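Read off the chains here:
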Amino acid sequence: MISGKTQVLGVIGHPVEHTFSPVMHNAALKAMGMNSVYLAFHVLPEFLREAVAGMRALQVRGLNVTVPHKLGVVEWLDEISAEARAIGAVNTIDNRDGRLKGYNTDAFGAMESLRRQGGLEELPPLVVLLGAGGAARAILYGLLQQNEVEEILVLNRTVEKAEGLARDLDPGGRRVRVGALEPGQQARIRDAGLLINSTSVGMHPHEGVSPLVGRGSLRAGMVVLDIVYNPLRTRLMEEAEAAKGRALNGLGMLVYQGARSFEIWTGKKPPVEVMMEVALQRFGGMVE
Ligand code: ATR
């Protein structure tokens, strides 16, 4: 029941009507019997500052931030976590008695998915990351936090973007190498214990294509995380399984980043199995 004490949570984005976050968070809030509601707010870029001021004025307890506001919102907040600062993007705002702090839970989401669903308590010494966009930036940050990872090879269509990412997150150039996403990289990819795709190749409406150029880069025992979740099974995942590797889609990352935001706002661990179930219902088999 909505009452005078109901706390408001939500997401701001543009566009925002297709966001899955309200379904996932409201399912978790309901399962825990909490007097909170999670709504989607359509915020045009020119109103971002007012939206943040409104969050303060209306005492909205917490917000997720999605495209295109993850970078722009930084300048209107009181504090930014070390992680969000390094990644350069905020996906979660916590309103603690009027003080707004920005966090980024995407790196946590990816690492937690690898641990829990990929069975990787420890990551392998060599990881290959495909792509150099916003998602890659968060994932690269997460990988660099894992001391057992000795080298991360970032491959991107536009090499300059991979170079920029490496410069920002590994300024000493000790652990990150970069290269072009091309067939010549096959042997290096085969050496990796973990391959992560953060490009949009294979994502709806471009199902059926794989970001891997050239066959034979995948091998048995390799873990492949494709952060795409629409469709739930991509061409790359099929290729990984055909090579007897282990394939994960992006649903785990989506659910675990949400779970971490939930914990930041409420101080409670949400029921991730409930969140995963609604995510599977939403994305299972349906491509729109
Ligand atoms: P996100 O925030 O989801 O990471 P993004 O910042 O737009 O999205 O990044 C998209 C990534 O997918 C980039 O690495 C992009 O490569 P470029 O930097 O060369 O643009 C990659 N990408 C998109 N379409 C691609 C394609 N057809 N082939 C190879 N890479 C592609």
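Conventions adopted
- Residues numbered from 1 in each chain as written.
- Predicted model: local features only at pLDDT ≥ 70, side-chain atom pairs only at ≥ 80, totals over all residues.
- Heavy atoms only, no water.
- Salt bridge = Lys/Arg side-chain N within 4 Å of Asp/Glu carboxyl O.
- Helix = DSSP H or I, 4+ residues; strand = E, 2+ residues; numbered from the N terminus.
- Buried < 20%, exposed > 50% of the residue type's maximum accessible area, 1.4 Å probe, protein only.
- Polar contact = N/O pair within 3.5 Å; in protein donor to acceptor, adjacent residues only side chain to side chain.
- Contact = heavy atoms within 4.5 Å.
- Pairing = 2+ DSSP bridges.
- Axes fitted to C-alpha atoms, helices over the stretch in contact; angles between N-to-C directions.
- Core = buried A, V, L, I, M, F, W, Y, C linked by side-chain atoms within 4.5 Å.

Counted by the stated rule, this structure contains 15 salt bridges. Residue Asp-78 pairs with Arg-56 through a salt bridge whose shortest N-O separation is 2.9 Å. Residue Asp-78 is located in the loop between β3 (62-65) and β4 (79-80), and its partner Arg-56 is located in helix α2 (residues 48-57); the two are separated by 22 residues in the primary sequence. Judged by its relative accessible area of 34%, Asp-78 is partly exposed. Residue Glu-151 pairs with Arg-188 through a salt bridge whose shortest N-O separation is 2.5 Å. With Glu-151 in strand β8 (residues 151-156) and Arg-188 in helix α7 (residues 186-191), the pair connects residues that are 37 residues apart, well separated along the chain. Residue Glu-151 is classed as partly exposed on the basis of its relative accessible area of 22%. What makes Arg-188 partly exposed here is its relative accessible area of 30%.

Another point: the side chain of Asp-106. Tracing the backbone shows Asp-106 in helix α4 (residues 106-116). With a relative accessible area of 12%, Asp-106 lands in the buried category. One polar contact links Asp-106 to Asn-91, side chain to side chain, over a distance of 3.2 Å. With sequence-adjacent residues up to four places away left out, Asp-106 is seen in contact with Lys-70, Asn-91, Ala-138, Met-253 and Gln-257.

This part takes up the sheet that holds strand β6 (residues 99-103). Working definition: the strands of a sheet are paired by backbone hydrogen bonds and lie parallel or antiparallel to each other. Here six strands make up an open sheet; going across it, the order is β2-β1-β3-β5-β6-β4 and the pairing mixed. Each edge of the sheet is formed by a strand with only one pairing partner; in this case those strands are β2 (36-42) and β4. The sheet contact formed by strand β1 (residues 7-13) and β3 spans four bridges and is parallel. Across the sheet, Leu-9 pairs through a bridge with Gly-62, a residue of β3. Against the sheet, helix α1 (residues 21-31) contacts β1, β2 and β3, and its axis sits at roughly 170° relative to β2.

Leu-114, Ile-139, Leu-140 and Ile-196 are the most contacted members of the largest nonpolar core, which totals 33 residues. Within the residue set of this core, elements represented by two or more residues are α4, β7 (126-130), α5 (134-144), β8, α6 (159-169), β10 (194-197) and β11 (223-226). When neighbours within four sequence positions are excluded, Ile-196 is seen to be in contact with Leu-114, Val-127, Val-128, Leu-129, Leu-130, Ile-139, Leu-143, Leu-225 and Ile-227. By size, the runner-up hydrophobic cluster in this structure holds 21 residues, among which are Val-11, Ala-28, Leu-251 and Met-275.

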